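This is what each chain is made of:
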Amino acid sequence: MQLGLLELPWWGYALVTLGLTHLTIASVTIFLHRHQTHRALELHPIASHFFRFWLWLTTGIITKEWVAIHRKHHAKCETFEDPHSPQIYGIGTVLFKGAKLYRMEARNTATLKRYGHGTPDDWLERSLYAKHDMLGIGILLASDLVLFGPIGLIMWGVQMVWIPFFAAGVINGIGHYWGYRNFASNDSSTNIVPWGILIGGEELHNNHHSYVTSAKLSNKRWEFDIGWVYIRALELMDLATVHKVAPKIRFDLTKTRCCGIETLQAIITHRYDVLSRYAKYLKQTAIAEISNLHARNPTGMQDALALEAVKHWLQRDAGELPEKEQAALEDALHSSEVLRIIYSMRQELTVLWSHSTASKEQLVEQLENWCQRAEESGIRALQEFSRKLRCYD
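An account of the accompanying structure is given in this report. (Residues numbered from 1 in each chain as written. Predicted model: local features only at pLDDT ≥ 70, side-chain atom pairs only at ≥ 80, totals over all residues. Heavy atoms only, no water.)

1. Observations regarding the overall build of the chain
Thinking step 1. Tallying secondary structure elements over the chain gives 18 helices and 4 strands in all.
Thinking step 2. Scored against the burial criterion, the 393 residues of the chain give a buried share of 49%.
Thinking step 3. Here the chain displays about 19400 Å² of accessible surface, and carbon together with sulfur accounts for 59% of that area.
Thinking step 4. Computed over 41 positive and 40 negative side-chain charges, the separation of the two mean positions in the chain equals 1 Å. (Helix = DSSP H or I, 4+ residues; strand = E, 2+ residues; numbered from the N terminus. Buried < 20%, exposed > 50% of the residue type's maximum accessible area, 1.4 Å probe, protein only. Areas by Shrake-Rupley, 256 points an atom, 1.4 Å probe, with all protein chains shown as cover. Lys, Arg positive; Asp, Glu negative; His and termini not counted. Charge placed at Lys NZ, Arg CZ, Asp CG, Glu CD.)

What follows is the structure in structure tokens.
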């Protein structure tokens, strides 16, 4: 007996549910994230309002709240002011209670005032979407029941948990806890998998944190961002205009000695790639040095902790390490000149793009001096990295 307007085989209901939830994910990544939060692209009013309506209908998300919380996440990443950091709250809390963390932060009027600027403030937003944010969810429930009968309740339930779990939980939780990193950004962001399909491309989270204003989240040739495919399709229909994508990393292998302003600018632009390559070049040298320290004095230091500490600060700032790892790192640095050189050279490298009153010419001089000292260090991996650094173009 047909109980809804549409009668489908079991797999038909599954495909419809998956398609509807995927449309919601696409709305989050294209409209809320890349368009509203980071202004990486502009959407035609037709596309913009469709996404806004669909999110109201399927999630009850208020644009200003979502945007403000995400902007604050970037501004205060991995600190006690980060609204949803697994480093602060724990992976379990963010993964399974991420939506609750969002609701808690949404009540912070200071966050909305400081970070929620530029979001929709028209009559529809004030009188319907923000004022009656649960009405859309009720309409969706009624629609699912009318169209699909009792099974529509299950379909509606899946739609209700999809965004809270995958967006608020998986991306904010696992995306700052487990995965691979292309870039040594100043946070713990990771790419969960190289094929950003299930969560609309948001799986490529480390790429995003490294180039936050890029409309395209994939970076390596073997990575795939389905959200970018949708954006390109919208462009072809004149429904979207891309403002910015991450610049490609280029090397001029003919550059062997002198560093110029172009090299400096390329290094600053791709600073997280620079730090990631630094880690890759120096990792084995650092590990070998810790092994040597342990061999010379088996009881003198916690080599396991020191090893973890070195691996972490090669990818992130040492100040973000847990207290025990910081102590182990300080012990290792005190015991090894090689580790001190590797550590100090990394710290000096970051000065090139930190807030400084130095002119471009002075920074170029500092870069050239850095390369010379690296090549005179006697550390082979550091010498090889210095030669690679000169080739950024």
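Text resumes after the structure shown.
2. A short note on the pattern of salt bridges
Any two side chains of opposite charge can pair, given that their charged atoms come close.
Thinking step 1. Per the stated rule, a full pass over the model turns up 11 salt bridges.
Thinking step 2. One salt bridge connects Arg 373 with Glu 348, and the closest N-O pair in it is separated by 2.4 Å. On the criterion of sequence distance, the pair formed by Arg 373 in helix α17 (residues 360–375) and Glu 348 in helix α16 (residues 337–350) is long-range, its members being 25 residues apart.
Thinking step 3. On the basis of relative accessible area, Arg 373 is assigned to the partly exposed category, the value being 32%.
Thinking step 4. Note that Arg 380 and Glu 384 form a salt bridge whose closest N and O atoms lie 3.2 Å from each other. You can see Arg 380 and its partner Glu 384 sitting in helix α18 (residues 380–389), 4 residues apart, about one turn around the helix.
Thinking step 5. By relative accessible area, Arg 380 is classed as exposed at 64%. (Salt bridge = Lys/Arg side-chain N within 4 Å of Asp/Glu carboxyl O.)

3. Things to note about the nonpolar core
Thinking step 1. Counting 33 residues, the largest nonpolar core has Ile 30, Leu 41, Leu 43, Phe 51 and Leu 234 as its most contacted members.
Thinking step 2. Going through the elements one at a time, α1 (10–37), β1 (41–43), α2 (45–58), α3 (63–75), α5 (91–106), α9 (151–173) and α11 (226–236) are the ones with two or more residues in this core.
Thinking step 3. For this core, the leading source of residues is α9, giving 7 residues.
Thinking step 4. The residues contacting Phe 51, other than those within four sequence positions of it, are Ser 27, Ile 30, Phe 31, Leu 43 and Leu 234.
Thinking step 5. Residues Leu 349, Trp 353, Leu 367 and Ile 379 belong to the second largest nonpolar core, which totals 27 residues. (Core = buried A, V, L, I, M, F, W, Y, C linked by side-chain atoms within 4.5 Å. Contact = heavy atoms within 4.5 Å.)

4. Re the packing of aromatic side chains
Thinking step 1. Under the counting rule described, the total for this entry stands at 15 aromatic pairs.
Thinking step 2. Considering the side-chain rings of Trp 162 and Phe 166, the 4.7 Å spacing of their centres and the 45 degrees angle between planes classify their relative orientation as tilted. Taken as a pair, Trp 162 and Phe 166 lie in helix α9 at a separation of 4 residues, close to a single helical turn.
Thinking step 3. Residue Trp 162 is classed as buried on the basis of its relative accessible area of 15%.
Thinking step 4. The exposure class of Phe 166 is buried, given its relative accessible area of 16%.
Thinking step 5. Taking 6.0 Å as the distance between ring centres and 80 degrees as the angle between the ring planes, the aromatic pair formed by Trp 370 and Phe 385 counts as edge-to-face. Highlighted residues: Trp 370 in helix α17 and Phe 385 in helix α18, separated in sequence by 15 residues. Assigned by exposure class, Trp 370 and Phe 385 land together as buried.
Thinking step 6. By the ring-pair criterion, three or more aromatic residues cluster together here, those being Phe 96, Trp 162, Phe 165 and Phe 166. (Phe/Tyr/Trp six-rings, centres within 6.5 Å; stacked < 30°, edge-to-face > 60°.)

5. Section: empty space enclosed by the protein
Thinking step 1. This structure, assessed with the given rule, holds 1 cavity of 30 Å³ or more.
Thinking step 2. What the largest cavity holds in volume is close to 50 Å³.
Thinking step 3. Taken together, Phe 31, Arg 52, Leu 55, Trp 56, Ile 61, Ile 62, Thr 63, Glu 125 and Tyr 129 make up the full set of residues lining the largest cavity.
Thinking step 4. Among the secondary structure elements, those contributing two or more residues to the lining of the largest cavity are α2 and α7 (123–129). (1 Å grid on protein atoms, 1.4 Å probe; cavity = no way out; pocket = protein on both sides within 12 Å on 5 of 7 lines; lining within 4 Å. Points joined across faces, edges and corners; volume = space filled by probe spheres on them.)

6. Thoughts on the packing of helix α8 (residues 135–148) against α9
Thinking step 1. Orientation of α8 relative to α9, taken along the N-to-C sense of each, is 145 degrees, at an axis distance of 7 Å. Considering how the two elements wind past one another, α8 and α9 form a crossing that is right-handed. Residues Ile 137, Leu 140, Leu 141, Asp 144, Leu 145 and Phe 148 of α8 pack against Ile 151, Gly 152, Leu 153, Met 155, Trp 156, Gln 159 and Met 160 of α9.
Thinking step 2. Its residues placed into classes, the contact of α8 with α9 shows 10 nonpolar, 2 polar and 1 charged. (Axes fitted to C-alpha atoms, helices over the stretch in contact; angles between N-to-C directions. Left-handed = near helix turned anticlockwise from the far one by under 90°. Nonpolar A, V, L, I, M, F, W, Y, C, P; charged D, E, K, R; others polar.)

7. Regarding the layout of surface pockets
Thinking step 1. Its volume calculated, the largest pocket comes out at about 640 Å³.
Thinking step 2. Together, 31 residues line the largest pocket, and Thr 59, Ile 61, Ala 99, Tyr 102 and Arg 103 are the ones closest to its centre.
Thinking step 3. Elements supplying a minimum of two residues to the lining of the largest pocket: α1, α3, α5 and α9.
Thinking step 4. Examining the composition of the lining of the largest pocket, we find that 8 residues originate from one element, α9, more than from any other.
Thinking step 5. Of the residues that constitute the lining of the largest pocket, the class distribution is 18 nonpolar, 9 polar and 4 charged.

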